[in-house]
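# Summary of the model geometry
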Amino acid sequence: MSTDRKTIIAGNWKMHKTHEEAAELASAVVKGVEGKSDLPEVVLCPPFTALAAVVDATRGSSVKVGAQNMDYRNEGAFTGEISPVMLSKMGVTHVILGHSERRQFFGETNSTVNLKLKAALEHGLVPIVCVGESLDERESGLTDSVVRRQVAAALEDLTEADIETLVIAYEPVWAIGTGKTCEATEANRVAESIRSTVNDFFATEAGSKSKIGETIPILYGGSVKASNVDEQLELPHIDGSLVGGASLSAPDFLPIIEGGSRRVKLTPSAS
Ligand code: PGA
């Protein structure tokens, strides 16, 4: 098992929870991890309207707060958008970028993901960039090429030094919210291929190799639950989980965090 990459358990609440419900759930998560050792990094990603409440509810704890999307510009006449400045000023530390639902329903493209990734890094937000193939793409044998293209496009114009905080989530679209989990060994294989894509991206024309891909935490997402998290996290290339449905209640989410703790315990530098 790999050693020095952080273990991260992130909850993507999608369009669920009013600010009051969100504060309640965040407090329950904070209470559930309080005083525990070997904790993974826990990140809660509520809707924009609940970010302030969740920042308040997690203040003073180790639990971090992430947004589910953002614009790449700082301000301007962009009705309905939220900027990285607004997020970082309010205590948000992470941001999910390029989630498949954004790509599928809201016109997110590889090039907007790249613009947003650069903006997040500029503003000190930890980006969680999502990549993954659709069912059609998987069935046509295109998984690796699609994922490689998404990763390389996200990294366009960036240097190795820029991406020190980058987190990538491998989320096969067909496994999201469907109850169908990608076989852990297959998710691990794709995660490994993501690492080599990042290394290849930064290899120089002069032939010098890059190893930056080995340092990037790669999460698996797609129907993660307490009953399958261990088999995923015991594999060498899966460093954590991006959890949708099972992050919406403390009794479902806390056991997944415990799965993260078991990985941290096995690899003490991975906290
Ligand atoms: P799911 O969602 O756990 O409900 O499949 C994961 C995600 O979309 O991040």
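Please refer to the structure placed before this passage.
### Examining the overall build of the chain
Of regular secondary structure, the chain possesses 10 helices and 8 strands. The C-alpha radius of gyration of the chain comes to 17 Å, within 12% of the 18 Å expected for a compact globule of 271 residues. Its C-alpha atoms give the chain principal-axis dimensions of about 50 × 50 × 35 Å. Per-residue burial for the chain yields a buried fraction of 52% across its 271 residues. Considering only intrachain contacts with a sequence separation of at least 6, the fraction spanning at least 24 residues in the chain is 72%. A total accessible area of about 12,100 Å² is found for the chain, and carbon and sulfur atoms account for 52% of it.

### Quick look at the pairing of strand 4 (residues 94-97)
Of the two faces of strand 4, the one lined by His 94 and Ile 96 and the one lined by Val 95 and Leu 97 are each fully buried. Of the pairings in the sheet, the one linking strand 3 (residues 64-67) to strand 4 comprises 2 bridges and is parallel in character. Bridge pairing in strand 4 links Ala 67 to Val 95. The pairing of strand 4 with strand 5 (residues 126-131) spans 4 bridges and is classified as parallel. Within strand 5, the residue paired with Leu 97 across the bridge is Val 129.

### As for the nonpolar core
It is characteristic of soluble globular proteins that their nonpolar side chains tend to be buried jointly. Residues Leu 44, Ile 163, Ile 194, Val 198 and Ile 257 are the most contacted members of the largest nonpolar core, which totals 64 residues. Other than its neighbours up to four places away in sequence, Ile 163 contacts Leu 121, Leu 155, Leu 158, Val 198, Phe 202, Ile 212 and Ile 216. With 12 residues, the next largest nonpolar core counts Val 43, Val 126, Cys 130 and Leu 242 among its residues.

### Side note on the sheet that holds strand 4
Reading around the barrel, the 8 strands line up as 1-2-3-4-5-6-7-8 and close back on themselves, with parallel pairing between neighbours. Between one strand axis and the next, the sheet turns through 25° on average, direction left out of account. As judged from the 2 bridges shared by strand 2 (residues 41-45) and strand 3, these two strands associate in the parallel manner. Looking at strand 3, one finds that Val 43 is bridged to Lys 64.

### Describing the state of the cysteines
Applying the stated criterion to the full structure yields 0 disulfides. Free of any disulfide, Cys 45 has its nearest neighbouring cysteine sulfur in Cys 130, separated by 9.3 Å. Classification of Cys 130 as buried rests on a relative accessible area of 1%.

About the thresholds
- Residues numbered from 1 in each chain as written.
- Predicted model: local features only at pLDDT ≥ 70, side-chain atom pairs only at ≥ 80, totals over all residues.
- Heavy atoms only, no water.
- Helix = DSSP H or I, 4+ residues; strand = E, 2+ residues; numbered from the N terminus.
- Rg over C-alpha atoms; globule rule 2.2 N^0.38 Å.
- Buried < 20%, exposed > 50% of the residue type's maximum accessible area, 1.4 Å probe, protein only.
- Contact = heavy atoms within 4.5 Å.
- Areas by Shrake-Rupley, 256 points an atom, 1.4 Å probe, with all protein chains shown as cover.
- Pairing = 2+ DSSP bridges.
- Core = buried A, V, L, I, M, F, W, Y, C linked by side-chain atoms within 4.5 Å.
- Axes fitted to C-alpha atoms, helices over the stretch in contact; angles between N-to-C directions.
- Disulfide = S-S within 2.5 Å.

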